Amino acid sequence: MLAETALWYGTVTAVDSQDPDQHLVVRAQAGDREAFAAIYSRYQGPIARLAANITRRPNEAPDLVQEIFTKIYFSLDRVRSDVPFRPWLYRVAGNHCLDYLRKQKRQPRTDSLIPEYDDGWLASTGPDPARKSEARDLVDKLFHGLRPRDRWLLVMKEIEGLSLDEMAAITGMAHSALKVALFRARKRMQKQYQMLRQRTTI
Amino acid sequence: MKCSEFREQIEAGAPTGGEPRRHAATCRSCAEYAAAAGWSGALLQAGQTNGAGPSFQRLWAEIQRRNENNWAGALSFSFMRLVPYLAAFSLILLVIGTMGYRAGRHRNLNTVLWLAGSSRQFAGTIAPDMSKQPAATLGLYQP
Ligand SMILES: [Zn+2]
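Below, the structure is looked at part by part.

Criteria and cut-off values
Residue indices follow the written sequence of each chain, beginning from 1 at its first position. Note on labels: chains are lettered from A, ligands numbered from 1, in written order. Owing to the predicted nature of the model, reporting of local features is limited to residues with pLDDT of at least 70; listing and counting of side-chain atom pairs is limited to 80 or more, with chain, interface and lining totals taken over all residues. For the side-chain quantities, the full set of heavy atoms in the structure was used; hydrogens and water were omitted. With water excluded from the atoms, a metal site may look incomplete; its donors are any N, O or S atoms within 2.8 Å, or within 3.2 Å for Na, K and Ca. The buried label goes to any residue with under 20% of its type's maximum accessible area, the exposed label to any with over 50%, and the partly exposed label to all in between, with areas taken from a 1.4 Å probe on protein chains only. Think of it this way: any DSSP run of H or I at least four residues long counts as a helix, any run of E at least two long counts as a strand, and we number them from the N terminus. Should any heavy atoms of two residues lie within 4.5 Å, those residues are counted as being in contact. Buried area: the accessible area, evaluated with a 1.4 Å probe, that two parts lose upon being put together, summed over both parts. Between Lys or Arg on one side and Asp or Glu on the other, a salt bridge is scored when a side-chain nitrogen of the former is within 4 Å of a carboxyl oxygen of the latter. Each residue is assigned to one of three groups, with Ala, Val, Leu, Ile, Met, Phe, Trp, Tyr, Cys and Pro labelled nonpolar, Asp, Glu, Lys and Arg labelled charged, and all others, Gly among them, labelled polar. In this description, one arc is meant: the one made by directions from the helix axis to the C-beta atoms.

## Thoughts on the coordination of the zinc ion
Residue and element names in this part refer to chain B. Coordination sphere of the zinc ion, protein contribution only: Cys3 (SG), His23 (NE2), Cys27 (SG) and Cys30 (SG), at 2.1 to 2.3 Å. Taken in sequence order, the residues that donate to the zinc ion follow the motif C-x19-H-x3-C-x2-C. Judged by its relative accessible area of 10%, His23 is buried. Residue classification places Cys30 among the buried positions, given a relative accessible area of 0%.

## A word on the environment of Asp165 of chain A
With respect to the secondary-structure elements, Asp165 of chain A resides in helix H8 (residues 164-171). On a C-alpha basis, the gap between Asp165 of chain A and Phe74 of chain A in space is 27 Å, while along the polypeptide they are 91 residues apart.

## Considerations on the interface of chain B and chain A
Interfaces are often described in size by the accessible area the parts lose on coming together. With 34 residues of chain B at the contact, the number on the chain A side is 46 residues. Here chain B meets chain A over a buried area of about 3,900 Å², counting both sides, of which 63% is carbon and sulfur. Counting across the interface, chain B meets chain A through 4 salt bridges. We note a salt bridge from Arg58 of chain B to Asp63 of chain A, for which the minimum N-O separation is 2.7 Å. Those elements that place two or more of their residues in the side of chain B that touches chain A are helix H1 (3-11), helix H3 (28-46) and helix H4 (56-116) of chain B. Here the element with the most residues in the side of chain B that touches chain A is H3 of chain B; it accounts for 12 residues. Among the residues making up the side of chain B that touches chain A, the classes are represented as 14 nonpolar, 13 polar and 7 charged.

## Examining H1 of chain B
Residue and element names in this part refer to chain B. Those residues of H1 lying buried are Phe6, Arg7, Ile10 and Glu11. The arc that holds every buried residue of H1, seen down its axis, measures 135°, which confines them to one face. Gly13 lies just past H1 and shows a positive phi near 130°.

As structure tokens, then:
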């Protein structure tokens, strides 16, 4: 069942009226601390991962998550029972991270050696912590040159593994627009990689 | 197979079967789409980072703190909204008080004049013309 419903941060598409979070949300709206604790327990992990990956600042994740869930708590009365809670939560979290990025002054980038990234290198990043750290460092550098919205879309798709339906519910974008936006974000990231490689190999 | 279908399948995971493969072999833009998706998916999976939220106790304490601040803020906001009304009310009180004081003074003056029997013309006057000199008011000064 699809229905367009206006919400606090815009439009969220209701994809399923059987929302597993709804009973917790209703109890939390009535001031039930335990219900809000259950919501937090269910979503703090994914939201912390989302925030850490969009901002690429894992050390700031606790503060970001606290701000996001505080915002969620004080906005609970705006959550409607016919709209799924999860996309709304992801939208609030994503918008908060984008605001955070926009407020940050651009940090100077350190152009250390960029690894030659190919399928073989990726395959070897799994078990080796040094390689894992190298991959994280590379993504940090690539994200540095990306727009906040590109980061958000890429993290939702590639790291959180959300479906296009879920992303459409979160962003309010149509599938076709999402595919175009994802393609452009990926191409921009590839371009960033090529620029960094050129800069560090000359 | 349409390009949009092929790309939906790419976003849903690696497409299987001969049809997507045939499409990618003949459609250059979809081949590029699939390559970019594979590239960024593998890289971001490898380079993802983890974060953790605070304890629920810390979060709840922050919520309580803001709740109290919101109440204090709401109260001070309400008070601030009352300030113009309070100012206007104070001004009205001041005006009434001043008028009462003046009227009281004039009544006292009239009483004194009546008692002195200096002039009948002031006996019924509550508010004499204060622009006149006191002597003129008392009928003692003739210009
Ligand atoms: Zn195509």
